[in-house]
Amino acid sequence: MQAMKQFITTDEKLRQLVHALSKNAWNIISAGKEGTNFIYINDGKDLVINADSKPTKLSAKEFFFPKTEPLFFYKKNHDGVDLLDPKDVLRKTVLFGVKPCDAAAVPVMGKVFNWDYKDEFFNRRVEQTVIIGMACSYSDVYCFCTSTGLSPESSKGSDVFLKPAQNSSYIAEAVTPKGEAFVVEFSSFFDAANENDVKLLLNSPKGPEKKFDANQVKQWLDGHFEDPLWNEVGETCLGCAQCAFTCPTCHCFDIVDESCGYNCGRRVKNWDGCQFGLFTKHASGHNPRGHQPERYRQRISHKFKYYQDKFGEILCTGCGRCTRGCPVGIDIAEIAQEINKRNSVLV
Amino acid sequence: MQELIQAAQAALTSKEAAFIIGYALTPDGKKTRPFIARTPDEAAKLVFNHTCAHNLAVYLTRIAKPKEGKMGIVAKGCDTRAIVALIQENKITRDQVYIIGVNCSGVTADVTLPFGADNLPSKCIMCQVQVPPVSDVLVGTAAPYDKPKDAVTERMQLLEAMNEHERFAFWASEFEKCIKCYACRQTCPMCYCEQCIVDKTVPRWIESSASLRGNFSWNMIRAFHLAGRCIGCGECERACPMDIPLMLLNRKMGMVAMQQFNYRHGVNPEEPTLVGSYNMQDNNEFFK
Amino acid sequence: MNFINDDIFMAEEKFEPKITCFVCNWCTYTGADLAGTSRLKQQTNARLIRVPCTGRIDPVFIIKAFESGADGVLVSGCHPADCHYNTGNYHARRRWIFFRELLKQVGIPESRLHFSWVSASEGKKWVDVVNGVIDTVRKEGPFEDYHKVNTEFAFPEPEEAVCS
Ligand code: SF4
Ligand code: SF4
Ligand code: SF4
Ligand code: SF4
Ligand code: SF4
């Protein structure tokens, strides 16, 4: 078997690559400056490739699963209704500088979007996009990728993966066939890496300490649907769903019709979140998850048990956004840690 | 700290309060978060320090009212304004709450950074209530701290200087970021409606899509619903994951209340609410 | 720009503003009716929405009017001390004091939102007020700032329907 294809490139070349891509009408998205969001760029000087940067406020999921996506438009006419699909004008897109915790979320979400019904909106976006992941040397108290089976250097979900090396150069790995094709298409910006180049690689980032064992969390969840823990951790949750909206793997949506006036409108798919009271409320007024602790249990259980049961993976990449932004300081890793503790008492 | 714990334990032991909504340290010991103590033992975990930015009054309308005893709450001066406001709006009565007032020396804007003049939220820069004006028992000491210039005031002036199109464009660029997570509403002590207008679907007044039209109507209507009611705690802006400067709207409404009616909400529990009352002498100049 | 596609307002050469009026049943609507039965002439850009009382006008109605393509809004009801329900207009007035300032803060100028008190006997005043509002808004031009936030809701021409 052939070894992973490795290339060497530089900061300067990547900026030139942006220039070439923009000439070829690609959409180019770069992680914004520290703490901000992914933005569309056109100019190499706006490219941010910074292994030390803090994760953006919103994850990269909005480029595959946008916060609002029109499904079709409608208009009443004399004999009925005209329907119109949103025209597919998606351009080829490249996402630069995606952190492992964001990139890994794409195949994770892909499972639910391709389980029985194939979500063409999600799939089309994934197909059109080349994800250039990047090893991450940031880590703060909120990060826990290492507890979710990932690491600051995992290339899961990336098509091309960059690792910083000396003299502002990068060792690039073509992870997927799509990534390889991309590197081939833009081969003037990537040189084949030889053994000496690889020696230039900087030391692997340490990454956050491992905080919990996800398998043990699942074991405990299997038997503790009812447990005092849920009230302890969930009663101060305000149900704002900031956690779900900023999460790279949360994928719930709500489909609504919106009118433009008296005779036309559109049907759209919007982000939704299980921490809202309205999320499970029935038309009758009954709410099977009537209290916040039950909603919080859903969040933890979906992430560490249900998704695992159904798709064999946990629904969390350890980016820490939910905790970083929670207005009342609820910490998902700490809860998983607590579950670990309770589990080991049982064993 | 001991004072706070003793006050809380006394209230729980005497059954005056059924629980105390307060702050406890997170396991790393570096920050605090809301915590509800139900027994004197649990009350021993209560703390108060510079990271206690949250306005806990939000829980008074979220939590189930106890059958016996009062709802105990640890409140800074600014938080007591929310409590008084809730009393003015008949959401709670004064004798349903047991207020452990904490003298406050300011809180941090960013809990991960040390407390200091460059890490103060706007509410602390403008604070006039380091000593809570209302309480059943008062604990702690209020130390003076350095107050820099207030960034919100400066941004208000910038906005003031813009023409209408620039201002509209400014808000369009801000509202465009809104993801309709409603964190602003959920953390607001004065947003307690059983069904928020944005959740009404027949008819749907405000689109739930995170698109510019619905984002404009949502943010304008929320600011309007808080007009004359916002007590300026800044929780909405603190919670907003997209950093939308919501206080530029709320502050403006507060200024109108002050300038035209000489009114501050949440100061006098006996006073009728501003928008719930009227005066025949109100400004009539803008009517043709 | 997706309210009602009345062709008369679509004439290319001259901009004709669309004005939405929220009027109370007891005074202004009756006053406007009087203007009609007295055969007073007025410009035809105004569409009236009758509500029981100015106190019934939720500010969200006004936003909805702008969303639906209005270039200007007029709110009108009984004079102070004349309200059919005694105090509806006083409550409304207090809300507008805030709402006007809020809109200004967001960049929606006073010239887009007007207020008046017109009684059942003031048919002539109604005509003057409406004509005045229409003239002001015509001078201001189409409310493009707000129309822009609406575009994604309109039924697109086939080549415009995008999924970006
Ligand atoms: S961000 Fe925090 S308060 Fe908001 S829903 Fe999530 S856990 Fe609850
Ligand atoms: S506003 Fe005043 S009382 Fe409130 S946290 Fe700041 S300093 Fe303390
Ligand atoms: S609107 Fe914001 S500042 Fe005002 S009371 Fe609510 S959360 Fe506090
Ligand atoms: S925005 Fe308005 S309707 Fe919604 S909860 Fe707040 S006050 Fe109530
Ligand atoms: S918290 Fe911010 S992003 Fe969320 S709905 Fe409110 S304004 Fe929008």
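Figured I'd write up the structure that's included with this text.

### With respect to the overall build of chain A
- Each helix and strand in chain A was counted, giving twelve helices and 13 strands.
- Compactness check: chain A gives a C-alpha radius of gyration of 22 Å against a globular reference of 20 Å for 347 residues, within 12% of the reference.
- Seen through its C-alpha atoms, chain A measures out along the principal axes to roughly 70 × 65 × 40 Å.
- For chain A, the accessible area works out to roughly 15100 Å², and carbon and sulfur atoms hold 51% of it.
- Charge-centre separation for chain A: the mean point of 43 positive side chains lies 2 Å from the mean point of 43 negative side chains.

### What about helix H1 (residues 28-37) of chain C?
All names here are of chain C.
- Three or more residues of H1 are buried, namely Thr28, Gly31, Ala32 and Ala35. Relative to the axis of H1, the buried residues are bounded by an arc of 100 degrees and lie together on one face.
- Packed against the buried residues of H1 are strand E1 (19-24), strand E2 (46-51), strand E3 (72-77) and helix H4 (123-140).
- Once H1 finishes, arginine 39 follows within two positions and takes phi at roughly 60 degrees, a positive value.

### What about the sheet that holds strand E12 (residues 253-259) of chain A?
Residues and elements named next belong to chain A.
- Read from one edge of the open sheet, four strands run E5-E4-E13-E12, paired in antiparallel fashion. Edge positions in the open sheet fall to strand E5 (81-84) and E12, since each of these has one partner strand only. In this sheet, neighbouring strand axes are inclined to one another by 20 degrees on average, regardless of whether the strands run parallel or antiparallel.
- The pairing of strand E4 (residues 68-76) with E5 spans four bridges and is classified as antiparallel. If you follow phenylalanine 73 over to E5, its bridge partner there is leucine 84.

### Some points on the environment of threonine 26 of chain B
Residues and elements named next belong to chain B.
- Among the secondary structure elements, threonine 26 is positioned in the loop between strand E1 (17-25) and strand E2 (32-37).
- Residue class for threonine 26 comes out buried when judged on its relative accessible area of 6%.
- Residue contacts for threonine 26: discarding those within four places in its chain leaves Lys31, Thr32 and Arg33.
- Side-chain polar atoms of threonine 26 contact the side chain of aspartate 28, separated by 2.6 Å.

### Some thoughts on the packing of aromatic side chains
- This model, assessed by the stated rule, comprises 44 aromatic pairs over all chains.
- On the numbers, 5.1 Å between centres and 80 degrees between planes, the contact of phenylalanine 170 of chain B with tryptophan 171 of chain B is edge-to-face. The burial state of phenylalanine 170 of chain B is the same as that of tryptophan 171 of chain B; both residues are buried.
- Ring centres of phenylalanine 216 of chain B and tyrosine 146 of chain C lie 5.9 Å apart, and the angle between their planes is 55 degrees; this geometry places the pair in the tilted category. Linking phenylalanine 216 of chain B in helix H8 (residues 212-225) with tyrosine 146 of chain C in helix H5 (residues 144-150), this pair reaches from one chain into another. Here phenylalanine 216 of chain B matches tyrosine 146 of chain C in class, with each residue buried.
- Over the ring of phenylalanine 253 of chain A we find lysine 269 of chain A; its NZ or CZ atom is 5.0 Å from the centre of that ring.
- The ring of tyrosine 29 of chain C carries arginine 50 of chain C above its face, with NZ or CZ at 4.4 Å from the centroid.

### Considering the site of ligand 5
Residues and elements named next belong to chain B.
- Neighbouring ligand 5 are 13 residues; Cys178, Cys181, Tyr182, Cys184 and Cys240 lie closest to it.
- Of all the secondary structure elements, the ones that give two or more residues to the shell around ligand 5 are helix H7 (183-186) and H8.
- Broken down by class, the residue content of the shell around ligand 5 amounts to eleven nonpolar, one polar and one charged.

### Some thoughts on the site of ligand 2
Residue and element names in this part refer to chain B.
- Contacts to ligand 2 come from Lys76, Gly77, Cys78, Cys104, Gly106, Val107, Lys123, Cys124, Cys127, Val129 and Tyr145.
- Broken down by secondary-structure element, the contributors of at least two residues to the shell around ligand 2 are helix H3 (77-88) and helix H4 (122-125).
- Of the residues belonging to the shell around ligand 2, the class tally is seven nonpolar, two polar and two charged.

### A word on the sheet that holds strand E10 (residues 169-174) of chain A
Residues and elements named next belong to chain A.
- With mixed pairing, eight strands are arranged side by side in an open sheet as E3-E2-E7-E8-E9-E10-E1-E11. Whereas interior strands pair on both sides, the edge strands pair on one side only; in this sheet they are strand E3 (38-41) and strand E11 (191-192).
- Relative to strand E8 (residues 129-134), strand E7 (residues 93-98) is paired through five bridges, and the arrangement is parallel. Residue threonine 93 lies in a different strand from E8, and its bridge partner there is threonine 129.
- Here helix H5 (residues 177-185) sits on the sheet in contact with strand E1 (5-10), E7, E8, strand E9 (160-165) and E10, set at roughly 90 degrees to E8.

### Let's talk about the side chain of glutamate 101 of chain C
- Within the fold, glutamate 101 of chain C resides in helix H3 (residues 88-106).
- Those residues in contact with glutamate 101 of chain C that sit more than four places away from it in its chain are Lys252, Met253, Val256 and Gln260 of chain B.

### Observations regarding the nonpolar core
- Of all hydrophobic cores here, the largest spans 94 residues; its most connected members are Phe216 of chain B together with Trp96 and Tyr146 of chain C.
- Per-element accounting of this core gives the leading share, eight residues, to H3 of chain C.
- Look past the residues within four positions of tryptophan 96 of chain C in its chain and what remains in contact with it is Phe286 and Phe287 of chain B together with Thr54, Ile57, Pro59, Ile62, Val75 and Phe115 of chain C.

### So, the interface of chain C and chain B
- Listed as interface residues are 42 residues of chain C and, on the opposing side, 46 residues of chain B.
- In terms of surface lost to chain B, no three residues of chain C exceed Arg94, Phe98 and Gln105 of chain C, which account for 20% of the buried area on that side.
- Connecting chain C to chain B are four salt bridges.
- Ionic pairing is found between aspartate 282 of chain B and arginine 94 of chain C, a salt bridge with its closest N-O pair at 2.9 Å.
- Applying the counting rule to chain C against chain B returns 17 residue pairs in polar contact (both at pLDDT 80 or more).
- Those elements that provide at least two residues to the side of chain C that touches chain B are helix H2 (59-67), H3, strand E4 (113-117), H4 and H5 of chain C.
- Looking at the side of chain C that touches chain B, the element that brings in the most residues is H3 of chain C, giving 16 residues.

### Describing helix H10 (residues 292-311) of chain A
Residues and elements named next belong to chain A.
- Between its first and last C-alpha, H10 extends 26 Å over 20 residues, near the 28 Å set by a 1.5 Å rise per residue.
- Histidine 302 marks where H10 bends most, by close to 55 degrees.
- Burial analysis of H10 places 15 of its 20 residues in the buried class, the great majority of the element.
- Positive backbone phi, approximately 70 degrees, marks glycine 312, located one or two places after H10.

### So, the state of the cysteines
- Enumeration according to the criterion identifies one disulfide over all chains in this entry.
- Disulfide pairing is shown between cysteine 27 of chain C and cysteine 78 of chain C; the S-S distance is 2.5 Å. A torsion of 100 degrees about the S-S bond marks the disulfide between cysteine 27 of chain C and cysteine 78 of chain C as right-handed. Linking cysteine 27 of chain C in the loop between E1 and H1 with cysteine 78 of chain C in the loop between E3 and H3, this pair joins segments that are 51 residues apart in sequence. The pair cysteine 27 of chain C / cysteine 78 of chain C is uniform in exposure class, with both members buried.
- Among the cysteines around cysteine 101 of chain A, which has no disulfide bond, cysteine 319 of chain A carries the closest sulfur, lying 5.2 Å off.
- In this structure cysteine 101 of chain A comes out as buried when scored by relative accessible area, which is 10%.
- Cysteine 83 of chain C takes part in no disulfide bond, and the closest cysteine sulfur, belonging to cysteine 53 of chain C, lies 4.0 Å away.

Calculation rules
Residues numbered from 1 in each chain as written. Chains lettered and ligands numbered in written order. Predicted model: local features only at pLDDT ≥ 70, side-chain atom pairs only at ≥ 80, totals over all residues. Heavy atoms only, no water. Helix = DSSP H or I, 4+ residues; strand = E, 2+ residues; numbered from the N terminus. Rg over C-alpha atoms; globule rule 2.2 N^0.38 Å. Areas by Shrake-Rupley, 256 points an atom, 1.4 Å probe, with all protein chains shown as cover. Lys, Arg positive; Asp, Glu negative; His and termini not counted. Charge placed at Lys NZ, Arg CZ, Asp CG, Glu CD. Buried < 20%, exposed > 50% of the residue type's maximum accessible area, 1.4 Å probe, protein only. Arc of directions from axis to C-beta. Contact = heavy atoms within 4.5 Å. Pairing = 2+ DSSP bridges. Axes fitted to C-alpha atoms, helices over the stretch in contact; angles between N-to-C directions. Polar contact = N/O pair within 3.5 Å; in protein donor to acceptor, adjacent residues only side chain to side chain. Phe/Tyr/Trp six-rings, centres within 6.5 Å; stacked < 30°, edge-to-face > 60°. Lys NZ or Arg CZ within 6 Å of the ring centre and 35° of its normal. Near = heavy atom within 4 Å. Nonpolar A, V, L, I, M, F, W, Y, C, P; charged D, E, K, R; others polar. Core = buried A, V, L, I, M, F, W, Y, C linked by side-chain atoms within 4.5 Å. Buried area = accessible area lost by both parts, 1.4 Å probe. Salt bridge = Lys/Arg side-chain N within 4 Å of Asp/Glu carboxyl O. Expected span 1.5 Å × (residues − 1). Bend = angle between axes of the 7 residues up to and from the residue. Disulfide = S-S within 2.5 Å.

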